[in-house]
Amino acid sequence: MPEVEIHIGGRTFEVACQEGEQHFLQSAAKMLDDEAQVLTTQIGRIPEARMLLMAGLMLADKTAGLEDRLRDLQSKMDAQTAELEAMKSAGPEKVEVAVIPREVNDTLAELAARAEALAETVEEKVAG
């Protein structure tokens, strides 16, 4: 089991981890160190146990906030997925298109023919 040297709050610690987990341990230590640095900047040098406790609590608070946000987003995604599934299962939306009765088409064609005939008559009178 490999031993990894990590630095938190200006202090060095030797920590054992599983083979291949060193990178994850270094990453977690960096997060904890960032919080410890905030504490030492605000308060100054504090006992190791208190520094680690406070830094851990600060990370836990951030994690809790992220978990709340994740739950909210998951809830929204579930609602949208349910809406999408409902739309898929409903099938295509029916659209009604008005059908013009044949008599109306015939009447409009007759009116158009009369209008053209009238236009020809007017053109002849104007020309002649």
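Keep in mind that what you see is a predicted model, and the values were worked out from it rather than measured.

A. Structural context of the pairing of strand β2 (residues 11-16). Note: strand β1 (residues 3-8) against β2, six bridges, orientation antiparallel. Each residue of the ladder has a partner; that of E3, found in β2, is A16. Linking β1 back to β2 in an antiparallel pair, the connection comprises two residues, with G9 at a positive phi of about 60°.

B. Inspection of the nonpolar core at higher detail. If you look at the biggest cluster of nonpolar residues, it comprises 14 residues, and the most contacted ones within it are I6 and I8. For this core, the secondary structure elements donating two or more residues are β1, α1 (22-43) and α2 (48-90). With five residues, the top contributor of residues to this core is α1. Those residues in contact with I8, other than ones at most four positions away along the chain, are F13, A29, L32, D33, A36, M51 and L52.

C. Highlighting the side chain of E35. Its place among the elements puts E35 in helix α1. Those residues in contact with E35, other than ones at most four positions away along the chain, are A55, M58, L59 and K62.

D. Expanded view of the pattern of salt bridges. If you walk through the whole model with that rule in mind, you get five salt bridges. With its nearest N and O atoms 2.8 Å apart, the salt bridge here joins K30 to D34. Separated by four residues within a single helix, K30 and D34 lie in helix α1, roughly one turn from each other. Residue D34 is classed as partly exposed on the basis of its relative accessible area, which comes to 33%. Residue E85 pairs with K88 through a salt bridge whose shortest N-O separation is 4.0 Å.

E. Main features of a nonpolar patch on the surface. Together, I100, V104, L108 and L111 give the surface a local cluster of nonpolar side chains, amounting to about 360 Å² of exposed area. Take I100: it is sitting in the loop between α2 and α3 (102-127).

Cut-offs applied
- The written sequence of each chain sets the order in which its residues are numbered from 1.
- In view of the model being predicted, local features appear only for residues whose pLDDT reaches at least 70, and side-chain atom pairs are presented and counted only at 80 or more, with totals across whole chains, interfaces and linings using the full set of residues.
- Excluded from the side-chain calculations are hydrogens and water; all other atoms, namely the structure's heavy atoms, are used.
- Only strands that DSSP links by at least two bridges are regarded as paired with each other.
- Comment: elements are numbered from the N terminus, with helices defined as DSSP H or I runs of at least four residues and strands as E runs of at least two.
- What makes a nonpolar core is a set of buried Ala, Val, Leu, Ile, Met, Phe, Trp, Tyr and Cys residues whose side-chain atoms join them at distances within 4.5 Å.
- When accessible area is computed with a 1.4 Å probe and restricted to protein chains, residues below 20% of their type maximum are described as buried, those above 50% as exposed, and intermediate ones as partly exposed.
- The contact definition used throughout considers only heavy atoms, calling two residues in contact when any of these lie within 4.5 Å.
- Just to be clear on terms, a salt bridge is a Lys or Arg side-chain nitrogen sitting within 4 Å of an Asp or Glu carboxyl oxygen.
- Candidates for patches are residues over 30% relative accessible area with no salt bridge; among them, like charges are joined within 9 Å and nonpolar side chains (Val, Leu, Ile, Met, Phe, Trp, Tyr) within 5 Å.
- What sets the accessible areas is the Shrake-Rupley method with a 1.4 Å probe; for residues, cover comes only from the shown protein chains.

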